[in-house]
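Listed here are the chains, written in short residue letters.
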Amino acid sequence: MSDSTGQNDPTPAAAANRRADTRWLRVAILYVLFAIAAYQMSGWLFHNLRSFLGLLFLAWLFSVTIEPIVDWLERRGLRRGAGTGLVLLALFLFMVGFVGVFGTLLVDQLAQLLTALPDALSRVTDWANRTFGTEFATGKDLIKITPDTVRDLAERFTPGVLGVLSSLLGVVFQAMTLLLFVFYMSAEGPAMRRTISSWFPARQQQIISTVWGISVEKAGGYVVSRLILAGVSTVVTGIFLMAIGVPYWLPLAIWTGVVSQFIPTLGTYLAIALPAIIAAAAQPMDGVWVVLFGTAYQQVENYVLHPRITSRTVSIHPAVAFGSVIVGASLFGAIGALVSVPVVAVIQAIVETYGHRYDLVHEEQAGSAPSVAPDSDTPPAAPPAE
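All of these numbers come straight from a predicted model, not from anything done at the bench.

## Section: helix 11 (residues 267-282)
Thought 1: The end-to-end C-alpha distance of helix 11 is 24 Å, a good match for the 22 Å that 16 residues give at a rise of 1.5 Å each.
Thought 2: Looking only at helix 11, the buried set comprises G267, A271, I272, L274, P275, A276, I278, A279, A280 and A281.
Thought 3: The secondary structure elements touched by the buried residues of helix 11 are helix 4 (80-132), helix 9 (202-243), helix 10 (249-262) and helix 12 (284-309).

## What to know about the confidence of the model for the protein chain
Note: predicted coordinates in regions of low pLDDT should not be interpreted at a detailed level.
Thought 1: With 79% of its residues at a pLDDT of 70 or more, the protein chain shows a mean pLDDT of 79.
Thought 2: No element of the protein chain has a lower mean pLDDT than helix 1 (residues 2-8), at 49, and none a higher one than helix 10, at 91.
Thought 3: Low pLDDT (under 50) marks residues 372-379, which in the prediction has zero contacts with non-local residues, meaning those over four places away or in another chain.
Thought 4: Segment residues 381-386 is flagged for pLDDT under 50; beyond a separation of four residues in sequence, or across chains, it makes zero contacts in the model.

## Points about the UniProt feature "transmembrane region" (unreviewed entry) in the protein chain
Thought 1: Annotation from UniProt places "transmembrane region" (unreviewed entry) at residues 27-46, 52-73, 85-107, 161-184, 227-250, 270-297 and 318-351.
Thought 2: Taken as a whole, residues 227-250 contains 79% helix and 0% strand, while its terminal C-alpha atoms sit 17 Å from one another.

## Regarding the nonpolar core
Thought 1: Ranked by size, the top nonpolar core spans 25 residues in total, and within it L61, I66, L178, V182 and V341 carry the most contacts.
Thought 2: Those elements that place two or more of their residues in this core are helix 3 (50-75), helix 4, helix 7 (161-187), helix 9, helix 13 (318-332) and helix 14 (334-354).
Thought 3: Among the elements that take part in this core, helix 3 stands out by supplying eight residues, more than any other.
Thought 4: The residues contacting L61, other than those within four sequence positions of it, are A219, V223, L338, V339 and P342.

## Comments concerning the packing of helix 10 against helix 11
Thought 1: Running from N to C, helix 10 and helix 11 cross one another at 165°; their axes reach a closest spacing of 7 Å. With respect to helix 11, the axis of helix 10 lies roughly antiparallel. Our pair here, helix 10 against helix 11, has a crossing hand that is right-handed. Contact residues: helix 10 offers L252, W255, T256, V259 and S260, while helix 11 offers G267, T268, L270, A271, L274, P275 and I278.
Thought 2: Across the contact of helix 10 with helix 11, the residue classes tally to eight nonpolar, four polar and no charged.

## Thoughts on the pattern of salt bridges
Thought 1: The tally for this structure, following the rule as stated, stands at three salt bridges.
Thought 2: A salt bridge links E67 to R80, with the nearest nitrogen and oxygen atoms 3.5 Å apart. Taken together, the residues E67 in helix 3 and R80 in helix 4 connect sequence positions 13 residues apart.
Thought 3: Relative accessible area serves as the criterion here: at 7%, E67 is assigned to the buried category.
Thought 4: Among the residues examined, R80 registers a relative accessible area of 8% and is labelled buried.
Thought 5: In this structure, E74 engages R80 in a salt bridge whose closest nitrogen and oxygen atoms are separated by 2.8 Å.

Reading the values: the criteria
- One numbering rule holds for all chains: residues counted from 1, following each sequence as written.
- Local features are withheld for residues below a pLDDT of 70 in this predicted model, meaning they are given only at 70 or higher, and side-chain atom pairs are given and counted only at 80 or more; totals for whole chains, interfaces and linings count all residues.
- Heavy atoms throughout the structure, all of them, feed into the side-chain values; hydrogens and water do not.
- Under the DSSP-based scheme used, a helix requires at least four consecutive residues in state H or I and a strand at least two consecutive residues in state E, with every element numbered from the N terminus.
- Expected helix span is taken as 1.5 Å per residue step, with the number of steps being one fewer than the number of residues.
- We call a residue buried when its accessible area falls under 20% of the maximum for its residue type, exposed when it is over 50%, and partly exposed in between, using a 1.4 Å probe and counting protein chains only.
- The contact rule is simple, with two residues in contact once any of their heavy atoms fall within 4.5 Å.
- For every residue, the predictor assigns a confidence score, pLDDT, that lies between 0 and 100.
- UniProt positions are given in the numbering used here, feature names are shortened, and annotations may be inferred rather than shown by experiment.
- Among buried residues, the Ala, Val, Leu, Ile, Met, Phe, Trp, Tyr and Cys ones that are joined through side-chain atoms within 4.5 Å form a nonpolar core.
- Geometry is summarised by axes, namely lines fitted to C-alpha atoms with helices restricted to the contacting stretch, and by angles between N-to-C directions that run from 0 to 180 degrees.
- If an angle is under 35 degrees, it is roughly parallel; if it is over 145, roughly antiparallel; if it lies from 65 to 115, roughly perpendicular; otherwise it is oblique.
- Crossing handedness is defined as follows: a turn of the near helix away from the far one that is anticlockwise and smaller than a right angle gives a left-handed crossing, while the clockwise case is right-handed.
- Three classes are used: nonpolar for Ala, Val, Leu, Ile, Met, Phe, Trp, Tyr, Cys and Pro, charged for Asp, Glu, Lys and Arg, and polar for all others, with Gly counted as polar.
- One speaks of a salt bridge when a side-chain nitrogen belonging to Lys or Arg is within 4 Å of a carboxyl oxygen belonging to Asp or Glu.

Here it is, written out as structure tokens:
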């Protein structure tokens, strides 16, 4: 009786194993709960800090854009902080000068353009229906703007005095925050790079230095090249629109320059569509001239201006650029759409720097002479005489 009872009692080794298994299960459950909590916390933080992270991305992009100029001033003997402040002051004065020269004209033409756009769409649609026999709905039927609609929209979206002041203070605060981050990211760039590198061994320090240099070169070069191309496109388009008498030429020229350069793939067509519609509303033949001008200028830009200006920047496939804009806009809104292409350019440059590509085997075989399988009836060739 006692023997059977003794056989049912666990041995000390079995009890220790059972306790070890139980302890392992408790640790695994704690790890799973910790991973779930970390996932929930990171999602909550990303959702609430999305605008701030987008602002940081924009400030970084701005800082690496002006960094080559700041480096040039530093090599000339100017302190880095003073050089960064001088560059930001020059940009501020340029914006003030532009607003002083073109601000009133731009605001007036933009207000008139927004007022005349529904009627222009309606007239272009009517002309297309008469010319091509189509039955498209007119712009008025599509938009359905009535005095009651305008009054309801004004009551719903027009803020009071307190709302205007709070919105204005918010814009000013974000602008000052952006400038502050831009200043410190540019003025303290080398010190920040040294601080980050000091936490890693020598080999990783070399990698950090290489990645940092690629980021400054590719992202900054991409933005500068796009700004130059946008400026050239704006000036040339504005001169052409003003020469043929297209109304609202200034906002239309700025629209064309910005959209054609900072929206990949579809930007070229969207940029020229709006000036063509406005021109065709006043004179249908002018719309044709605008389309022809946009097509001709695009060819000149693609084959003459773009290779010369963007020779030092990375080339991104249009599908990749378009997809990056969609992902950036979905994650960070308008700021994400703006900074997505330079970020992808940096990632692509880093992958090309540290990645390794292999030769394609089938291409090597296709380039060599085809091999003929030996026939079973044919005797093998005799070995060469020694």
